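Geometric and topological summary
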Amino acid sequence: MDTNPTRPSFNDTEDDLLRFQEEFLSSGRNTAASVVDNRTTPDRDVIRIPLPDSAGDIPTGKLSPQAKKPRIEPEVNPADLLDDYDRTHHVGSVISSIRERDTRSQVVSAPVANAGFGFPKAVAVDCSSQARSSARGSKKKKSLFAQQFDRKHGQPAEKPSAVTTAHDGSHKNQIITGIGLPLDTGASQDEVKRIHEENLSKLSSMSQEEILAEQQRLMSALGPDVVDFIKKRQNVGPVGGHSSVANATSCEEVIQGSVEERHVRFAPTVDSQTIDADTGNRVAKAGRGTGVSKDWLNMDKEEPEKMEWMNDLPEDSAKLSALQKSCPARFDFRGDLLSLEESQAIPQHLGLHHHGDNPELAGYSLSELFVLARSSMPQQQVMALDTLAAIVRKGSVGEYVQKVEADVVGSLLEAGLPFILRWALDDSRVAVHCAALGGLHALLVNTPDQEMGDLVATAIPSLGIEALLVPETPEEKDDGDDEKADPTDEELLASDLVKGLVRTNLIPRLRYLLEVCSLPTTVVAYVFEVLLHISEHSLQSASEMAKCPRLLDTVVNLFLPLSWSEQAAASAAYGYPLVLAVKLINSLCRSGRHLAANIVSKHDLISRIGRYLSVSDSELDLADDQGSALQAASWSLWQTLVLYGQNCDFFTSMQESILGHLHTSLSPAGMSSPEPVQTVGEVTMSSASQTQDGGSSVSRQPVAGGSRADPSRMFGLLEAAIHVAACRDSNLDAWQAEEKLLDESGPDGDPRLLGRQTEKSARREVWTKLSTGQVQAWFAECMPCLTNMLASCAQESAMPADGQIRLLSRLLSFCAYFLGRLGSATMAAVDLIDEGERVFDLLAMWCQSHSFQLVCDEALSALLYLRQQAVLPTVQCLPRRSCVAEMAASSTCVNCLLLVYSTVRLASSLQQIHKALNDKICTQFVQHHAVIKLAQCMTVHPLQPSHPLAAVERLTSCLLVKLATSVMSGLSECPAPLLLYHQLALQLACRFKPGEETLVKDIIASVVFQQLFFKASCGGISEALAKLSLSSDMFRASNGDDLLRSLPSIRATFLALLGAQPGSQRCLWYSKVRHHPQPCLLPSVLLPSQRSSLLPVDWMFLPLLEAFSLSTSPGRLLSESDDVPEHVSQSVSHCLQWLVLLETCQPQCIAQLSVTVKVARLLCVFLVGSNLFLQTDIQHSLVSLLRLYTRPCYLDELRFDRPVPGLASLYDLYSSLVVQYDAVSYGNELFAQYVTLPMQRMCPVSHRRLIWQENDTVLQTISLSATQSPVPLRCYLEPVEDDSMLLQLYLQALVRGIVRPQCSFLYCIAVHHVSSYMFATRQSSDSPSAVLRAMLALLLTQRNQAVFHHVTRYQSPSGNMEVGFTCHSSVPADRLHCLAAEVRRCHLDSPMAVAVQHNHPDVFQLASQDP
């Protein structure tokens, strides 16, 4: 009987399988197969934590299988079993023994952010000889982490580090370390020493046998693991051994040895016998020094891919040559651009190498810096942000121009640098804050521009400060008319960087950093300069800053204190007056008068101004020159408030202090020495006693301690006070004009006028708070100094010092404003004339001196230097970047330019109050050769419009040309050298910016159309125009005398046009308030931001363009009517007459416009109405201009393929002109000549197709002869036409009779191009094209014998012939051969074809015999 169980079959059920299992188990037989676990446990790093003595309940060793898998009874809950086990075996025995470690004695240091190296230092690895020998002897290696963990917990990583030496008669204990002792006892080390000394005394009292017996008892009581732990920790030998020093004899040697061995060193060579063949090949390919050594930790398994960074840098010349072609720009930590050669020469230890792309090149690309800027390591993040800031600073001043392909700053902005900087400001680490603020400062702030703008605004308040708001482009304005969703942050940052940053709550974040974080002084300056830039951006940005909670409170309380204890150090910022804080408040006040009033009243700024100005700068106890800078900023802030007519009553309290500052600054000692002059006297804050005329009777005592402050800032305040005092005695015309403007504007008018009604009662009160007597006292104090300075300059032959130039400029300007605005109010008429003559004598002495010549030359050099500077790349979302760092605000050349302006201002004031001085001013100043050279430079080489000094140049030029026109009004004829001033005035008209509308009006009204400048060339005009008439008597040119008599009407036309522009009256009123200062009416010192000028370059075409707009715009005056109103025709006529005058008398003023632009503007005349071009005056002007613009010198420039400013498509304009000619011209010769101008061969072929293909009916109305061509006929004939379609159109027009010999102009053009193309191309090519064959076939089959005769016999153009060209006496043989070949190819049988086929010498005669 077979006792072996049968195997289950597929027919068995589950019950059968269970039955088979029970039978097998009950039989007790062995299984046929068994599972054996052959897996070996790998050697792993095990961190053993010593357990406490109470850990006896914790099960040790391996659990039995039954313990691993306990049988769970059905009635017992497994969760209860787990909880019971944790409660009894694990939790109670482990957690109860845990003691919190005392870490209060350990010092935690923050990472050093501004380290020289941008990456964290690697953890030092202990690779001493003992550690290596111990690692070799151990069976199992430990990882670096395990070794570090053992050392941290008192277990040496298999390194015998127990060292005991004799020191002060005691032994250093290695078991009792003091770790874990409470810190609050304050004697942890003493406790360790006490325990150690107690142990030593105990051991010294025992004998050797007692020590050994006690040791045996302890070892039997301790477990073997504890004994091994103690032996390893102390590195002691067997019982009875003594500890000794292993490798050193003193503690110093041990420490020195450990320090020297804390470096990772790799073997210079690798034994190749220890590596297999495959590995060896891979190592050899990887490079030298990447082999595996036995001495290295945890390097049993080789990974060459991970060790590639250890290879030597590649020296492949092919790769380096490829890098030269496409290598990204790399920068060092200072932002310097590294060339490929410099990048290869930099050593690796400087930290500029990396493990990214091209690791052999030093430096970081922009993409790599962006990655590091988002690193979690503060060192890397700070390094990247600092490097990016340095790159932005150098890119902003143009250091990378012509070195890289694209604009670096623009690329960074497009890549998202503003977002990275803004996110970094939200970091919790101060080092990251500092780096991000440095980058933001580099991106936004242009310090030279700010300093220059502040200097100009202080010296000439009427110029104001242009807002940094990025103006909208015309496309954006058109899109703004439609309803559009709010732009995203990215779109807003791309259009306007400041506006986008303000939306991201940058201002509140800067307030938090300034108030809560104790920032370094440099970073505090960064914050204030960024805020200063934002406040100058626009009125909206300044309002957001003023509304920011606690921002102004923080600025005033922390950085504008009324008292401070001791002298401020150079690095002190908090708790001391800060110059940038005063500038920030001043910038906010410049944004608007209402904002200024709120800030001053809320934060009590007047008391702070008085505190800083009532004493000398040396008594402010501030470091270096901070005191003088603080006083200069305080003068400017007070000047801004006075420009609004606010806080003028403060002059009464400060009158004595102002006189003291004047006396100190204007004294010989104060002007000669920049150091403080020790004088006697002290100024108090007591009120001055008032006199009958409202003046103050005070003693002129100098400020105690002298003053090093620049007095020029103080004169800006005094000039503003002059305007306030002048408003008190002036009439109420300005008051009534503003009330009328308020009534017309209504509630929806200009926002700068809103809320102004509430101030009406306050203005007159303000006007009465400053008396003319106070100002007169200042003038009396300044005149002796001005007299002495001018006399001194007249005697010297050298350039005055920079401080003297600056002070003299402000004195001349102050004297000019006082005499011009308050002279009549403070002096009698006779006294005013006498004072004017005395001042003019001083001015004449100054102008005749050599010093004045040197000053003018220096100003000329400054203008030329600034003009020659390379234009920096512009970024759309950033404001101007025009001022170079070399032109500092205090440089001599800038001060010389301001001194020239002050001199011109004083001469203009003297000319207004004393007309008898005109001849002297003209002789000694206007005709001065240095002044003429300066005017010529400003005419030919003007500054860039965005430059801060461009406004000073424009204002100086405006005053100069008005002065020249005024002093020459009595002359019968203008001297030739003075015609330069008229040229300068014409150039100025298109340079003025928004806010200078009154200057434009003054120039146009008084200078531009002045007949005096045209009388000298009157005869030349008539002679030149007489040569410009057309062949017909009907079309004669204008007359010079008629043009001169029309000048007043021309001027009235342009003035009316300027006044009719939308919003022009309101802008003109604001400009008048600014440039003819009316305090209490000025809404804001901040000017609107505009990149374009008030008038375009082609402003002389404005009346014509306005008439064209009226006729073409839907719903306008002339769009639905053909009749032109009288005033429109007069406006166009005056415009054309003015153009004729300019082209004949001042062609250089209009030479900046191309001839194409001029002709395109003239074409608009024919599109205004249907009969405007038929008027006699207009025809005369059009004839003159056509002849002027078609002179030989202009022919190459007359190209209609170039864009025309203000015109979307020149082709559309020409298309409209052709349609208009076909409709209303009736073959007018003048109209036809203008129509045929774009048909020249150099013009686009589309213009010729427009007539020959799309409007061929026009060809029948153009009746010009070859001699009536507006330009030489060769311009239409050379080179030969190469457009196949147009050539076929020429031939079709000839065959169909559209172009006839009677119109020799068009007939000659068609015959010339067809004949030249047919026979010249046929001879040069063996296989004629299909177009040529078709044209030959058409010529042979058509029946127009004259066309066949002229095309086949055409010789050359000639204006003397009736048809415009000469012909051969017979058909040339080569042409006859060409025609015969075509006849044979096409089998033609027409009369011309038969004649050609029979080779008759006269083809035309044979063809004519055919019936």
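What counts, and where the lines are drawn
Residues numbered from 1 in each chain as written. Predicted model: local features only at pLDDT ≥ 70, side-chain atom pairs only at ≥ 80, totals over all residues. Heavy atoms only, no water. Helix = DSSP H or I, 4+ residues; strand = E, 2+ residues; numbered from the N terminus. Buried < 20%, exposed > 50% of the residue type's maximum accessible area, 1.4 Å probe, protein only. Contact = heavy atoms within 4.5 Å. Areas by Shrake-Rupley, 256 points an atom, 1.4 Å probe, with all protein chains shown as cover. Axes fitted to C-alpha atoms, helices over the stretch in contact; angles between N-to-C directions. Parallel < 35°, antiparallel > 145°, perpendicular 65-115°, else oblique. Nonpolar A, V, L, I, M, F, W, Y, C, P; charged D, E, K, R; others polar. Patch = residues over 30% accessible without salt bridge, like charges linked within 9 Å, V, L, I, M, F, W, Y side chains within 5 Å. Salt bridge = Lys/Arg side-chain N within 4 Å of Asp/Glu carboxyl O. Left-handed = near helix turned anticlockwise from the far one by under 90°. Expected span 1.5 Å × (residues − 1). Core = buried A, V, L, I, M, F, W, Y, C linked by side-chain atoms within 4.5 Å. Phe/Tyr/Trp six-rings, centres within 6.5 Å; stacked < 30°, edge-to-face > 60°. Lys NZ or Arg CZ within 6 Å of the ring centre and 35° of its normal. 1 Å grid on protein atoms, 1.4 Å probe; cavity = no way out; pocket = protein on both sides within 12 Å on 5 of 7 lines; lining within 4 Å. Points joined across faces, edges and corners; volume = space filled by probe spheres on them. Lys, Arg positive; Asp, Glu negative; His and termini not counted. Charge placed at Lys NZ, Arg CZ, Asp CG, Glu CD. pLDDT = per-residue confidence, 0-100. Disulfide = S-S within 2.5 Å.

Brief notes about the overall build of the protein
Looking only at helices and strands, one finds 65 helices and 10 strands in the protein. Within the protein, the fraction of its 1411 residues that count as buried is 48%. For the protein, contacts bridging at least 24 residues in sequence account for 75% of all contacts bridging at least 6. As presented, the protein carries roughly 70,100 Å² of accessible surface, and 52% of it is formed by carbon and sulfur atoms.

Focus: the packing of helix α26 (residues 579-590) against helix α29 (residues 626-643)
Running from amino to carboxyl end, α26 crosses α29 at an angle of 10 degrees, the nearest separation of the two axes being 9 Å. Taken together, α26 and α29 sit at an angle that is classed as roughly parallel. Along its contact with α26, which presents V579, V582, K583, I585, N586, C589 and R590, the element α29 presents Q626, A629, L630, A633, S634, S636, L637, T640 and L641. Within the contact of α26 with α29, the residues separate by chemical class into 9 nonpolar, 5 polar and 2 charged.

Description of unusual backbone geometry
As a rule of thumb, non-glycine residues mostly have phi less than zero, and peptide bonds are mostly trans rather than cis. Put simply, E1278 and P1279 share a cis peptide bond, and its omega is -10 degrees. One non-glycine residue, N505, lies in positive phi territory at about 60 degrees. Mapped onto the fold, N505 is located in the loop between α21 (497-503) and α22 (506-515). Even without being a glycine, D604 presents a positive backbone phi close to 55 degrees.

Looking at the side chain of D427
Positionally, D427 belongs in the loop between α16 (417-425) and α17 (430-444). Ignoring sequence-local partners within four residues, the contact set of D427 consists of Q381, V432, H433 and R509.

A word on a nonpolar patch on the surface
Residues L218, L222, V226 and I230 make up a contiguous nonpolar surface patch of roughly 300 Å² in combined accessible area. Along the chain, L222 turns up in the loop between α7 (208-221) and α8 (224-234).

Structural notes on the packing of helix α44 (residues 997-1008) against helix α48 (residues 1047-1059)
As a packed pair, α44 and α48 sit with axes 9 Å apart at the nearest point and diverge in direction by 165 degrees. Taken as axis vectors, α44 and α48 run roughly antiparallel relative to one another. In the packing of α44 onto α48, the handedness of the crossing is left-handed. Contacts from V1000, K1001, I1004 and A1005 of α44 reach α48 at R1051, L1055 and L1058. Looking at the contact of α44 with α48 residue by residue, the class counts come to 5 nonpolar, no polar and 2 charged.

Some remarks on helix α42 (residues 950-967)
Note: α-helices contain 3.6 residues per turn, so residues at a spacing of three or four share the same orientation. With 18 residues, α42 extends 26 Å from end C-alpha to end C-alpha; this agrees with the ideal 26 Å at 1.5 Å per step. Of all 18 residues in α42, 16 are buried; the element is thus mostly enclosed.

Examining the pattern of salt bridges
For side chains of opposite charge, pairing can occur when their charged atoms come near one another. In this structure the tally under the stated criterion is 30 salt bridges. One salt bridge connects R19 with D16, and the closest N-O pair in it is separated by 3.7 Å. Separated by 3 residues within a single helix, R19 and D16 lie in helix α1 (residues 14-27), roughly one turn from each other. Where D1002 meets K962, a salt bridge forms, and the shortest distance between an N and an O atom there is 3.5 Å.

Concerning the nonpolar core
Generally speaking, nonpolar side chains in soluble globular proteins are found buried as a group. By size, the foremost hydrophobic cluster in this structure holds 353 residues, and its most contacted members are W638, F925, W1138 and W1252. Those residues in contact with W1252 that sit more than four places away from it in its chain are M1239, L1259, L1286, L1289, Y1290, A1293, V1299, L1306 and A1310.

Concerning the packing of aromatic side chains
Under the counting rule described, the total for this entry stands at 29 aromatic pairs. Ring centres 4.6 Å apart and planes at 80 degrees place the aromatic pair W1252 and Y1290 in the edge-to-face group. Here W1252, found in helix α56 (residues 1245-1254), pairs with Y1290, found in helix α59 (residues 1284-1295); they are 38 residues apart in sequence, far enough to count as distant. Y1290 matches W1252 in its accessibility class, with the two residues each being buried. Here the aromatic residues W635, W638, F650, F651 and W778 are joined through ring pairs into a cluster of three or more. Just above the ring of Y1194 sits the side chain of K1158; from NZ or CZ to the centre is 5.8 Å.

Describing α1
The terminal C-alpha atoms of α1 lie 20 Å apart, and with 14 residues this matches the ideal 20 Å at 1.5 Å per residue to within 8%. Directly after α1, the chain includes G28, whose backbone phi takes a positive value near 70 degrees.

Points about empty space enclosed by the protein
One pass over the full model with this rule turns up 9 cavities of 30 Å³ or more. Counted as a void, the largest cavity has a volume near 270 Å³. In terms of lining, the largest cavity is formed by 20 residues, of which the most central are G464, I465, E466, A951 and L1087. Contributions of two or more residues to the lining of the largest cavity are made by α18 (447-459), β5 (465-466) and α42. At 3 residues, α42 tops the list of elements feeding residues into the lining of the largest cavity. Grouping the constituent residues of the lining of the largest cavity by class yields 10 nonpolar, 5 polar and 5 charged. As for the second largest cavity, its lining consists of P461, S462, L643, H723, Y817, V1073, R1074, P1077, Q1078, P1079, L1082 and V1085. For the lining of the second largest cavity, a count of residues per class yields 8 nonpolar, 3 polar and 1 charged.

Regarding a negative patch on the surface
A cluster of acidic residues, D831, D834, E837 and D841, forms a negative patch at the surface. By the element assignment, D831 lies in helix α37 (residues 829-847). Look at D831 and you get partly exposed, because its relative accessible area is 45%.

A closer look at the confidence of the model for the protein
Considering every residue of the protein, the mean pLDDT works out to 76; 69% of them sit at 70 or more. For the protein, the element scoring lowest by mean pLDDT is strand β6 (residues 689-690), at 34; helix α52 (residues 1155-1163) scores highest, at 94. Within the model, pLDDT remains below 50 along residues 236-289, and this stretch shows 51 contacts once partners closer than five positions in the same chain are excluded. When the criterion is pLDDT under 50, residues 1030-1034 qualifies, and its contacts beyond four places in sequence or with other chains add up to 11 contacts.

Quick notes on the state of the cysteines
Using the criterion set out here, one finds 0 disulfides in the structure. Between C847, a free cysteine, and C856, which holds the nearest cysteine sulfur, the sulfur-to-sulfur gap is 7.9 Å. In this structure C847 comes out as buried when scored by relative accessible area, which is 2%.

Focus on the environment of C1067
You can see C1067 is positioned in helix α49 (residues 1064-1075). By relative accessible area, which is 34% here, C1067 ends up partly exposed. Considering only alpha carbons, one finds C1067 and E997, 70 residues apart in sequence, at a separation of 6.9 Å.

Section: the environment of H1368
By the element assignment, H1368 lies in the loop between β10 (1365-1367) and α63 (1373-1386). Along the chain, H1368 and Q1355 lie 13 residues apart, while their C-alpha atoms are 5.9 Å from each other. Setting aside its immediate chain neighbours within four residues, H1368 contacts R1353, Y1354, Q1355 and R1375.

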